[in-house]
Amino acid sequence: MNRTLGYAIDGRDMGGPPDREAGLSVGAVAQRLGVAASTLRTWDRRYGIGPTRRSTGAHRRYTPADIARLEVMHRLLLSGAPPGEAARVALDAPPGGPPLPRGHGAGGNRVPVGAATRGPEGAEVRGLARAAMALDGPAMGDAVRTALGRDGVVRAWNELFVPVLEGIGRRYAASGDCVDVEHLLSAVLLGRLAEVPPPVRPRNARPVLLACAPEEQHSLPVHALAAALAEAGIAATLLGARVPEPALAAAIRRTGPNAVFVWSQTAETGAPARLGALPASRPPYRLVVGGPGWARDRLPASVTPVASLDEAVAELTSMYGRP
Ligand code: B12
């Protein structure tokens, strides 16, 4: 952990040299770890992993050894370990011992992290899902950013984000619950995907337009596609959610794109007839659609459907030759 942090007195960060006797306040430790202060209090109450000392007035004060244990716990949770097990390993870790390597359990690998983190049942998927269900935005952000940096957009989307989104979607379908979770996870994913830098020297001169069908609010896949195209050296113009037909038509006339991609998540928004109403342009553009909302058997012959993020990237980069 290389972030420096001033020490807190009465909840205020004084920024001065650390007073090691006083210890860090719960707020300061929460900020350092990127979790909510209430999460730290829960860990203390439920798993006994908290400050070993309290200052006068029973305020929690965390020593460097306490913080090291919490860092171990946090890292294990992000790797998908169950909280009770993560706390047990963190409490058993030797004081001042070597930091845990990323993705490996402490104490002889008693926690199965690192291996088998992939697939719908993988530990990493469970870790992100758990952070989402706890509405722990910072932990979600960390997990998403780590996966994007390590795996790139396509792999992180397919192997981590989609399983978690689908799991939450199934939960909503079964109980009507989790709309708050859907919203926060979407906000975190949109924020992190937007951090993928655009290509410095794009391979395309004319734009690739990405849009959602009219009234389609499910825009995450077009944001993932924009980020994946950026990684492939293609600059995309992202129009986002609920793009009315006349607006997409105007953007096509204005920009003369090489390709247009339209996403429909739900059957209500995937009317194939609307695609026929889009204007022609010269030179002609390739019209590509994706998402479960389209009635594939009724698509105009000129439209190319794609079934995955990989396929969409392949289709939209195929006209530019090899990178
Ligand atoms: C995130 C989310 C939201 C967010 C969207 C935020 C945003 N900016 O995108 C918010 C909270 C706004 C939202 C709102 C709603 N949602 Co919603 N939502 C989801 C959720 C969890 C993920 C959506 C998503 O990104 N899917 C993309 C991937 C992850 O899923 P997929 O399409 O099934 O993936 C398959 C293929 O498309 C392909 N694929 C995957 N990724 C990519 C990428 C590309 C480029 C391509 C080509 C293919 C591809 O691979 C998959 C396997 O075949 C889904 C659950 C789900 N399973 O999709 C529900 C879901 C789509 N929502 C649903 C519903 C009902 C709603 C609401 C009506 C109620 C609610 N839950 O709040 C509202 C209304 C929205 C509206 N009026 O349009 C239902 C739709 C049911 C239906 N078939 O009509 C779903 C399926 C949940 C469910 N199981 O009931 N939602």
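Rules behind the numbers
- Residues numbered from 1 in each chain as written.
- Predicted model: local features only at pLDDT ≥ 70, side-chain atom pairs only at ≥ 80, totals over all residues.
- Heavy atoms only, no water.
- Helix = DSSP H or I, 4+ residues; strand = E, 2+ residues; numbered from the N terminus.
- Expected span 1.5 Å × (residues − 1).
- Bend = angle between axes of the 7 residues up to and from the residue.
- Buried < 20%, exposed > 50% of the residue type's maximum accessible area, 1.4 Å probe, protein only.
- Contact = heavy atoms within 4.5 Å.
- Core = buried A, V, L, I, M, F, W, Y, C linked by side-chain atoms within 4.5 Å.
- Domains from an automatic or database assignment.
- Near = heavy atom within 4 Å.
- Polar contact = N/O pair within 3.5 Å; in protein donor to acceptor, adjacent residues only side chain to side chain.

As annotated in an unreviewed UniProt entry, the protein carries the name MerR family transcriptional regulator and comes from Actinomadura chokoriensis.

Colleague: Explain helix α8 (residues 153–175) residue by residue, including any values.
Modeller: A rise of 1.5 Å per residue sets the reference length of α8, with its 23 residues, at 33 Å; its end C-alpha atoms lie 31 Å apart and thus fit the reference within 8%. Remark: the principal bend of α8, roughly 40 degrees, maps to F161, with a proline, P163, within the next four residues. Taken as a whole, α8 has its buried residues at V153, A156, W157, L160, F161, V162, P163, V164 and I168. On its buried face, α8 is in contact with α6 (123–133), α7 (137–151), α9 (179–194), α10 (220–231) and α13 (309–317). The positive-phi residue at the C-terminal boundary of α8 is G176, with phi of around 75 degrees.

Colleague: Account for the nonpolar core, with residues named and values stated.
Modeller: Of all hydrophobic cores here, the largest spans 49 residues; its most connected members are L128, F161, L210, L225, F261 and L316. When contributions to this core are tallied by element, the ones reaching two or more residues are α6, α7, α8, α9, β5 (208–212), α10, β7 (259–263) and α13. Ranked by the residues each element gives to this core, the list is headed by α10, at nine residues. When residues of this core are assigned to domains, at least three map to each of domain 2 (123–194) and domain 3 (208–320). Once residues within four sequence positions are removed from consideration, L210 is found in contact with V222, L225, A226, L229, A236, T237, L238, L239, G240, F261 and L316. Among the nonpolar cores identified, the runner-up in size contains 22 residues, and V35, I49, L70 and V72 belong to it.

Colleague: Can you explain the site of the ligand? Please cite residues and give values.
Modeller: Residues in close proximity to the ligand total 27 residues, the closest being W157, G169, H218, S219 and L220. A distance of 2.8 Å separates a nitrogen atom of the ligand from a polar atom in the side chain of H218. Between the ligand and Q265 there is a distance of 3.0 Å, counted from an oxygen atom to a side-chain nitrogen or oxygen. Elements represented by at least two residues in the shell around the ligand include exactly α8, α9 and α10.

Colleague: Can you tell me about α13, naming the residues and giving the values?
Modeller: Taken together, the buried positions of α13 are L309, A312, V313, E315, L316 and T317. Against the buried residues of α13 lie α8, β5, α10, β7, β8 (286–290) and β9 (303–306).

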